[in-house]
Amino acid sequence: MAAGTAPDVAQVGSTWMAEFVGLNALEPTPDLLETDDYFPGALDSVTVDDVVYGVPWYVETRLVFYRKDIAEQVGVTEPPTDWEGLFEMARALQGGPDGTWGIALQPGGDGSWQTVLPLCWSNGGDVVSEDGGEFTFETSQNEEALAYYQSYFTEGISDPSPAEGTTEQDFVSGAVPMFISGPWMMAAVEDLGGEGFADKYGVFVMPEKESSASFLGGANIGVFQGTKNRDGAWKLVEYLSRPEVQVEWFTQVTDLPALQSAWEDEAVSANEKFEAFRTQLQSAFAPPTIATWEQVAARFDAQIEQVCKQDLAPKDALATTQSEAQGIGTGG
């Protein structure tokens, strides 16, 4: 970008949009591209200071994966709908025939904020003010959400030191019969579990406190400033933004379409598990569109690790994150 040799069009991760916009790297989206059919959270991920840059390409969100067969064995017949219900279900499944831990949760480290922040949203909290001008980590809503997450570790339901890369294996074996993740894990556990395993597990939307909320990730498509082929670049973006093209991309790589109309196609809607993702996408949120979010998120991850592994008080963790975030600034 600094050398002026950026491509005409690029796929940009959803958490990087504001930083690229802050560098004056991306063009605003022209009026000829309609944006009202995207999932709300997906559109938020390309909107910085009320201006849309590029378009969402594909989306993902996180659900709770659980072993239906083990749940039935321990007397759980319906997925929970609230925080307390999820906690009790995890405890119950931990008592299954092969159970070691109830649910796999990330005990801090890179990206753990992607599970904790939705709990803050679910409880009516947030980490940035509505105008994006200041950080709001220190609230009672966020403290309650982080304390709830911590309880899975203090109560011995989640492993504070899990071996890396064993989620799929532990899920298939029943050692850890629940986890929270995105749609890519469907193929991973089904391939490992073999024929018929798809019927042994289910997914359900994140449980509610005030609401059900989840993280919305994925990737966007942007056109770089200074392109010498502006018309062609936006024509390519328009083509990739057609519902039928998004469906075709889904059939090849199972990346979920960002356009809601694309979900009407049977190729997407036929699988009931994908329908659960569709439901969650209606109440999934993109991370704050501020230029410094990746730096701030790394500081939050570090404090989450202290909460989960060192029993740091959530209030202290949020105070430290708030102070460090203020030192970094929003980049506005």
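Scroll up to find the structure this text is about.
None of the values given here were measured: they were computed from a predicted structure.

Student: Could you give me a rundown of the overall build of the chain, with the residues and numbers involved?
Tutor: When you go through the chain residue by residue, the secondary structure sums to 14 helices and ten strands. Taken over C-alpha atoms, the radius of gyration comes to 20 Å for the chain, in line with the 20 Å a tight globule of 332 residues would show. Along the longest, intermediate and shortest principal axes, the C-alpha atoms of the chain span 65 × 50 × 35 Å. Evaluated residue by residue, the chain yields a buried proportion of 51% over its 332 residues. Within the chain, residue pairs in contact and separated by at least 24 positions form 76% of the contacts whose partners lie at least 6 positions apart.

Student: How would you explain the packing of aromatic side chains if you had to name every residue and give the values?
Tutor: Aromatic ring pairs are described here by two measures, namely the spacing of the ring centres and the angle between the planes. All told, the structure shown has 21 aromatic pairs when counted by the stated rule. Taking NZ or CZ as reference, Lys 273 lies 4.4 Å from the ring centre of Tyr 201, over its face.

Student: Please set out the pattern of salt bridges residue by residue, giving values where relevant.
Tutor: As a working rule, side chains carrying opposite charge can pair if their charged atoms are close by. Tallied over the full model, the rule gives nine salt bridges. Among the salt bridges present, the one from Glu 88 reaches Arg 91, with a minimum N-O distance of 3.8 Å. With Glu 88 and Arg 91 both in helix H4 (residues 83–94), this residue pair falls three residues apart, about one helical turn. Given the relative accessible area of 40%, Glu 88 is considered partly exposed. According to the relative accessible area criterion, Arg 91 is partly exposed, its value standing at 36%. When the shortest N-O distance is used, the salt bridge between Arg 278 and Glu 275 registers 3.6 Å. One end of the pair is Arg 278 and the other is Glu 275, both in helix H12 (residues 272–281) and three residues apart, which spans about a single turn. Several salt bridges share partner residues, and in doing so they unite Glu 264, Glu 275 and Arg 278 into one network.

Student: Which residues make up the nonpolar core, and what values do they have?
Tutor: Membership of the largest hydrophobic core comes to 47 residues, with the highest contact counts inside it found for Phe 137, Tyr 152, Met 178 and Trp 293. No other element matches the seven residues that helix H13 (residues 293–309) contributes to this core. With residues near it in sequence (within four places) discarded, Met 178 still touches Val 64, Phe 65, Tyr 66, Leu 86, Met 89, Ala 90, Leu 93, Gly 102, Ile 103, Ala 104, Phe 171 and Phe 204. Ranked by size, the runner-up nonpolar core spans 40 residues in total, among them Val 55, Val 223, Val 245 and Phe 250.

Student: Give a description of helix H9 (residues 230–240) that names residues and reports values.
Tutor: Buried within H9 are the following residues: Ala 233, Trp 234, Val 237 and Leu 240. Projection of H9 onto a plane perpendicular to its axis shows the buried side chains occupying an angular sector of 120°, all on one side. Residues Asp 231 and Lys 235 are exposed on H9 and point more than 90 degrees away from its buried face. Of the surrounding secondary structure, the elements contacted by the buried residues of H9 are strand E1 (9–13), strand E4 (55–61), strand E8 (214–223) and helix H10 (243–253).

Student: Go over the sheet that holds strand E7 (residues 201–204), please, and point to the residues and values.
Tutor: The three strands are arranged E6-E5-E7 in an open sheet whose pairing can be described as antiparallel. Strand pairing shows two members of the sheet lacking a second neighbour, strand E6 (178–181) and E7, which therefore form its edges. Along the sheet, successive strands turn relative to each other by an average axial angle of 25°, direction set aside. Across the face of the sheet, H12 comes into contact with strand E5 (63–67), E6 and E7 while running at roughly 150° to E5.

Student: Mind laying out the side chain of Glu 60, listing which residues take part and the relevant values?
Tutor: In this fold, Glu 60 is placed in strand E4. Judged by its relative accessible area of 10%, Glu 60 is buried.

Student: Could you give me a rundown of the state of the cysteines, with the residues and numbers involved?
Tutor: The tally for this structure, following the rule as stated, stands at zero disulfides. Among the cysteines around Cys 120, which has no disulfide bond, Cys 308 carries the closest sulfur, lying 12 Å off.

Student: Can you break down the pairing of E6 residue by residue, with the values?
Tutor: Regular strands place side chains that alternate from one sheet face to the opposite one. Burial along E6 is two-sided: Met 178 and Ile 180 facing one way and Phe 179 and Ser 181 facing the other are all buried. As defined by bridge partners, E5 adjoins E6 across four bridges and the pair is classed as antiparallel. Bridging from a neighbouring strand, Phe 65 pairs with Phe 179 of E6.

Student: Can you lay out unusual backbone geometry for me, pointing to particular residues and giving the numbers?
Tutor: If you check the backbone angles, Asn 24 has positive phi at about 55° while not being a glycine. In this structure, Asn 24 sits in the loop between helix H1 (17–22) and helix H2 (40–45). Here the phi dihedral of Thr 254 falls at roughly 60°; this positive angle occurs in a residue that is not glycine. Turning to its location among the elements, Thr 254 is positioned in the loop between H10 and strand E9 (256–257). Classification of Thr 254 by relative accessible area gives partly exposed; the value is 43%.

Student: Residue-level account of the environment of Phe 153, with values.
Tutor: Position of Phe 153 relative to the elements: it lies in helix H6 (residues 140–154). Each C-alpha atom of the pair Phe 153 and Cys 308 lies 6.1 Å from the other, and the pair is 155 residues apart in sequence. Apart from residues no more than four positions distant in its own chain, Phe 153 is found in contact with Leu 105, Gln 106, Pro 107, Ser 158, Asp 159, Pro 160 and Cys 308.

Calculation notes
Residues numbered from 1 in each chain as written. Predicted model: local features only at pLDDT ≥ 70, side-chain atom pairs only at ≥ 80, totals over all residues. Heavy atoms only, no water. Helix = DSSP H or I, 4+ residues; strand = E, 2+ residues; numbered from the N terminus. Rg over C-alpha atoms; globule rule 2.2 N^0.38 Å. Buried < 20%, exposed > 50% of the residue type's maximum accessible area, 1.4 Å probe, protein only. Contact = heavy atoms within 4.5 Å. Phe/Tyr/Trp six-rings, centres within 6.5 Å; stacked < 30°, edge-to-face > 60°. Lys NZ or Arg CZ within 6 Å of the ring centre and 35° of its normal. Salt bridge = Lys/Arg side-chain N within 4 Å of Asp/Glu carboxyl O. Core = buried A, V, L, I, M, F, W, Y, C linked by side-chain atoms within 4.5 Å. Arc of directions from axis to C-beta. Pairing = 2+ DSSP bridges. Axes fitted to C-alpha atoms, helices over the stretch in contact; angles between N-to-C directions. Disulfide = S-S within 2.5 Å.

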